[in-house]
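# Residue-level structural notes
If you want the building blocks of each chain, they are given just below.
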Amino acid sequence: MKSRRYLSGADWILNGLAHAAQQTAQTGNHFQIVLELDGSLNDELFGSAIQAYCAGNPVLHGKIRRAWNLAPRWQPRKDGEPVPVERLDFPAGQSEQDILHSLGEHLIAPLSSPRLSFRVLHLGTEKTFLAIRFDHRLFDAQGAERFVLGFQEFLSDGKGRRFSEWPAAGKPAGLRPWKEKFVSGQAVNRLRIEQLECRPFQRPCRRETEPCFRFSQITLTREETGTLIERGYKEAGYLMLTPYLAAQLLRAVHPVMPLHGYVIPCSVDTGRGDELFFNYLSFICLSATAEKLAGPELARTLARQFYRQVQSGIPAHFENAWKLLRIVPLPLLGMLLRGPMRMFMGSFSLAHVGDGLSALTDWMRLPVKNAFHMPLVPPSPGLGFFSNTCGGRFNLCITSYSGVLSDTEHDCLASRVKSSFSVKGRF
């Protein structure tokens, strides 16, 4: 009998966020990786390659089941629909905003089984955008990158390991010991109490008759990226790019979304070994009151918070504490995340994924010009920033929910962020 794959605390929180989104008339908790290709992709060959690579993976078509001990587990299912692939054609001179809008439409569309889909956008014969959409309940950012890189290897020679043969490794229920989970809960609660001085640190989410998401994409040149990293290390410390990004974004957000203070959950990878499926992430929570945003030491202060939380094991404490919530039914967990627990969602989300996509040099003999992450953000807090580097170029995707930021506010925020990160003032 194969080992069962029980869901971790992070898996359960991500499932809860998916339910919270569905309870607010959204489609779920999805994200996608977008590849910008130089040239026109051969749709027929690519479609055949997708089915050859993906078809038959039972994990993609699975669902959650409760074991006899009430711990949730993932139950694979062999029979399922083919992975959907959609093609759209645009003229060669189509605007960047129209491309982002089309990519956003793909991202927010319903996604059930299989929990993976593709959209190919052709700009004449000059350029192709390939969007690969993932269900966050099955993939985190690092796992999705492994999928993309594995697919590239398969496309290059047809001999790589097929995704359909990639199993989900067994994971124990982790019900015991109980004491360490309560100790972790206490550690997380102490951090929350420390950050109460920032309240209110979240803008209320308005009810929208036709809710929507807005996206903006910023890409720096290699020269600008080098300057950005150099400034980050100088202001926040070596390898402290995330606290530096948080400081820059805080100064851009505050005039558009003024609050008494800000709490920023920053996702961190907790280590996954050779695993591809499910979530191996946790959070560091940075915070600052509005009156401290103008100080020259903001980045260094956030870096000290980051270092202190890593040293005290806060990411592991979050994961342990979340395990206690696995007993809560998902519909109820979704309601809690939209209500009493929404304070844990912070003011906005921040994730810097790294440079894993830099390994993408070509895709079916087409040069890869760029690759970036494009996630949805939960309706609460309704604002997120997601960055990566590819080929030495820094990418930043800004995602906002209309119930939190209006179109005018989103455009103003994107403009301020561009000015903040631009070295030469152009993008």
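Here, the structure is the one placed above.
Summary of the structure given here. (Residues numbered from 1 in each chain as written. Predicted model: local features only at pLDDT ≥ 70, side-chain atom pairs only at ≥ 80, totals over all residues. Heavy atoms only, no water.)

Quick look at the pairing of strand β5 (residues 85-90) now. The sheet contact formed by β5 and strand β6 (residues 116-123) spans six bridges and is parallel. If you follow Arg 87 over to β6, its bridge partner there is Val 120. Considered for its hand, the β-α-β crossover made up of β5, helix α3 (residues 96-108) and β6 is right-handed. (Pairing = 2+ DSSP bridges. Helix = DSSP H or I, 4+ residues; strand = E, 2+ residues; numbered from the N terminus. Right-handed = clockwise from strand over helix to strand, strands pointing away.)

What follows is about the sheet that holds β6. Here six strands make up an open sheet; going across it, the order is β5-β6-β7-β2-β13-β12 and the pairing mixed. Each edge of the open sheet carries a strand with a single partner, namely β5 and β12 (362-363). Pairing geometry for strand β2 (residues 30-38) and strand β7 (residues 127-135), over nine bridges, is antiparallel. Looking at β7, one finds that Leu 37 is bridged to Thr 128. Across the face of the sheet, helix α2 (residues 43-54) comes into contact with β5, β6, β7 and β12 while running at roughly 165 degrees to β6. (Contact = heavy atoms within 4.5 Å. Axes fitted to C-alpha atoms, helices over the stretch in contact; angles between N-to-C directions.)

On to the sheet that holds strand β4 (residues 72-75). Spatially, β1-β4-β3 is the arrangement adopted by the three strands of the open sheet, whose pairing is antiparallel. Lying at the two open borders of the sheet, with one neighbouring strand each, are β1 (5-6) and β3 (63-66).

What follows covers the packing of aromatic side chains. Overall, the coordinates contain 22 aromatic pairs when judged by the stated rule. Where Phe 134 meets Phe 139, the ring centres are 5.0 Å apart and the plane angle is 65 degrees; that geometry is what we call edge-to-face. Note on Phe 139: relative accessible area 0%, which makes it buried. (Phe/Tyr/Trp six-rings, centres within 6.5 Å; stacked < 30°, edge-to-face > 60°. Buried < 20%, exposed > 50% of the residue type's maximum accessible area, 1.4 Å probe, protein only.)

Another aspect to go through is empty space enclosed by the protein. The tally for this structure, following the rule as stated, stands at three cavities of 30 Å³ or more. Considering only enclosed or pocket space, the largest cavity measures out at about 110 Å³ in volume. Taken together, Val 188, Leu 191, Arg 192, Gln 195, Phe 201, Val 263, Cys 285, Phe 318, Met 343 and Phe 344 make up the full set of residues lining the largest cavity. At three residues, helix α5 (residues 178-194) tops the list of elements feeding residues into the lining of the largest cavity. Classifying every residue of the lining of the largest cavity by side-chain character gives eight nonpolar, one polar and one charged. Reported here for the second largest cavity is a volume of approximately 60 Å³. (1 Å grid on protein atoms, 1.4 Å probe; cavity = no way out; pocket = protein on both sides within 12 Å on 5 of 7 lines; lining within 4 Å. Points joined across faces, edges and corners; volume = space filled by probe spheres on them. Nonpolar A, V, L, I, M, F, W, Y, C, P; charged D, E, K, R; others polar.)

This part is about helix α7 (residues 241-253). With 13 residues, α7 extends 18 Å from end C-alpha to end C-alpha; this agrees with the ideal 18 Å at 1.5 Å per step. Summarising burial for α7: 12 of the 13 residues are buried, a large majority. Listed in full, the buried residues belonging to α7 are Leu 241, Thr 242, Pro 243, Tyr 244, Leu 245, Ala 246, Ala 247, Gln 248, Leu 249, Leu 250, Ala 252 and Val 253. (Expected span 1.5 Å × (residues − 1).)

This part takes up the pairing of β7. Of all nine residues in β7, eight are buried; the element is thus mostly enclosed. With eight bridges connecting them, β6 and β7 associate as antiparallel partners. Counted as the bridge partner of His 122 is Thr 128 from β7. Count of turn residues in the β6/β7 antiparallel hairpin: three residues, of which Gly 124 carries a positive phi of about 60 degrees.

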